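Coordinates in review
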Amino acid sequence: MYFAGMKLLLLYGSTDGQTDKIARHIKSEAEKSGVEVSIYNAADNPPAPKGFDGVIIGSSIRDRAFQARVVAYVRTYVSELNTIPSIFFTVSSAAIGLREQGPKSWRRKGLTVLVDTFLKESGWKPLLVEHIAGAIKFTKYSWQTKAGFWLMALFSGWDRDTSIDHEYTDWEAVDAFVKVAYQQIKTRNEQISSARTFRVPSDLRMHSCYFSC
Ligand SMILES: Cc1cc2nc3c(=O)[nH]c(=O)nc-3n(C[C@H](O)[C@H](O)[C@H](O)COP(=O)(O)O)c2cc1C
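Definitions and cut-offs
- Residues numbered from 1 in each chain as written.
- Predicted model: local features only at pLDDT ≥ 70, side-chain atom pairs only at ≥ 80, totals over all residues.
- Near = placed C-beta within 6 Å.
- Helix = DSSP H or I, 4+ residues; strand = E, 2+ residues; numbered from the N terminus.
- Buried ≥ 20, exposed ≤ 12 C-beta atoms within 10 Å, placed from the backbone.
- Pairing = 2+ DSSP bridges.

1. Considerations on the site of the ligand
Within the structure, the ligand sits among 20 residues, and Thr19, Ser60, Ser92, Ala94 and Gly134 are positioned closest to it. When contributions to the shell around the ligand are tallied by element, the ones reaching two or more residues are helix H1 (18-32), strand E3 (54-62), strand E5 (86-92) and strand E7 (135-137). For the shell around the ligand, the element with the most residues is E3, which contributes 3 residues.

In structure tokens, the structure reads:
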């Protein structure tokens, strides 16, 4: 197995469970590639990045913000994170149908601004940023949230049956994204061990969203 022996830390923040589900899917798929993944909810006292070959961090977006525990983790460990290959994925409703909307859609611009602001404020330099479509879980929402998402669904052409939840995550695209993530982590580690110094060149930072939206 090409990635055998790689040890990754996978850390995530989730409110209604969709990012949690994506993170667990990534872990179980990782095993097929020989990657060893230690998975942590950011709320459960996650370990420092040191000692891992790479770190994948995921956060859902709620009220135009990332999960507070994820933000706190990145702020605490930003120096370490910038010496180890790291990847960021976001989970949101803004990423639903993003690929079809093209590179200049207002949703993509909104996601880019949100991520860029976070990365600038924290100083974190992940190798890759991916936007993954999440779920609209009507059955978990208050009537106000339900009404808000029903209206959004009306204008966006999403499912409007509020008696059930609607998942928009493209699992094949998630698998394609993580394979690229592993490859980038592996390549970067090879570069680090040959160069002995590590700095992420700014031109290597990518806003991909190529795989899942
Ligand atoms: C109260 C609430 C606020 C949300 N705010 C945003 C938002 O600002 N931008 C966005 O793209 N999606 C937003 N979403 C959609 C979530 O990102 C989406 O449902 C995602 O799947 C949630 O993942 P989680 O279950 O891991 O928290 C919001 C959802 C809820 C319920």
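2. A word on the pairing of E5
Where burial is concerned, most of E5 is hidden: 7 out of the 7 residues are buried. Residues Ser86, Phe88, Thr90 and Ser92 point to one face of E5 and Ile87, Phe89 and Val91 to the other, with burial holding for every one of them. In this sheet, E5 lies alongside E3 in parallel orientation, the contact comprising 6 bridges. Paired with valine 55 across the bridge in E5 is serine 86. Pairing of E5 with strand E6 (residues 128-133) involves 6 bridges; the strand directions are parallel. Looking at E6, one finds that valine 91 is bridged to isoleucine 132.

3. Notes on unusual backbone geometry
One non-glycine residue, aspartate 63, lies in the positive phi region at around 50°. In this fold, aspartate 63 is placed in the loop between E3 and strand E4 (65-66). A positive phi angle, near 55°, is found at arginine 64, a position not held by glycine. Tracing the backbone through its elements, the reader meets arginine 64 in the loop between E3 and E4. Under the C-beta neighbour-count criterion, arginine 64 is labelled exposed, with 10 such atoms within 10 Å.

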